[in-house]
Amino acid sequence: MRSPITTHVLDTNLGKPAEGIEVTLYRKQGNTLTEIAKDKTNSDGRIVEWMAETERQAGEYQIRFETDAYFEKLGQTCFYPSVTIDFRIEATDEHYHVPLLVSAFGFSTYRGS
């Protein structure tokens, strides 16, 4: 079964999945962040088994991607040593996919499916 929140990272410069990026998922409550899950992207740049269905709650979340080590491994200096994405879950019966498109000097995201 797929986690209710998933992500993947694509290296837009190389045009391929970004393997081995450490990613942490947090639940936000006011100014407090509670770590829910931590993993590294697989060979397809994905994290699909992060949390159990029962852990998902309506509210605000944050995903932090540690991009510096990934680009360092490629011999590149990156402008963004990490990328943080804040998002909100309103419906607890839906799947939430938060992809990251990244290069050494830029990034973008969207709500995926």
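In case you missed it, the structure is sitting above this.
Residues numbered from 1 in each chain as written. Predicted model: local features only at pLDDT ≥ 70, side-chain atom pairs only at ≥ 80, totals over all residues. Heavy atoms only, no water.

Draft legend 1. Quick look at the packing of aromatic side chains. Applying the stated criterion to the full structure yields four aromatic pairs. With 5.0 Å between their ring centres and 75° between their planes, Tyr70 and Phe71 make a pair best called edge-to-face. Overall, the relative accessible area of 0% leaves Phe71 in the buried class. (Phe/Tyr/Trp six-rings, centres within 6.5 Å; stacked < 30°, edge-to-face > 60°. Buried < 20%, exposed > 50% of the residue type's maximum accessible area, 1.4 Å probe, protein only.)

Draft legend 2. Here's a closer look at the pattern of salt bridges. Going through the model one piece at a time under the given rule, you end up with seven salt bridges. A salt bridge links Glu60 to Lys28, with the shortest nitrogen-to-oxygen separation between them at 3.9 Å. Of this pair, Glu60 sits in strand 6 (residues 59–66) while Lys28 is found in strand 3 (residues 22–29), placing the two residues 32 residues apart along the sequence. Glu66 is paired through a salt bridge with Arg64; the nearest N and O atoms lie 2.5 Å apart. Residue Glu66 is classed as partly exposed on the basis of its relative accessible area of 24%. In the salt-bridge network here, residues are joined through shared partners; they are Lys28, Glu60, Asp86 and Arg88. (Salt bridge = Lys/Arg side-chain N within 4 Å of Asp/Glu carboxyl O. Helix = DSSP H or I, 4+ residues; strand = E, 2+ residues; numbered from the N terminus.)

Draft legend 3. Structural context of the pairing of strand 3. Summarising the sheet, strand 3 and strand 4 (residues 32–40) pair through eight bridges and their orientation is antiparallel. When the sheet's bridge partners are listed, Leu25 is paired in strand 4 with Ala37. Taken together, strand 3 and the strand that follows it, strand 4, pair antiparallel across an intervening segment of two residues, in which Gly30 is found at a positive phi of about 65°. (Pairing = 2+ DSSP bridges.)

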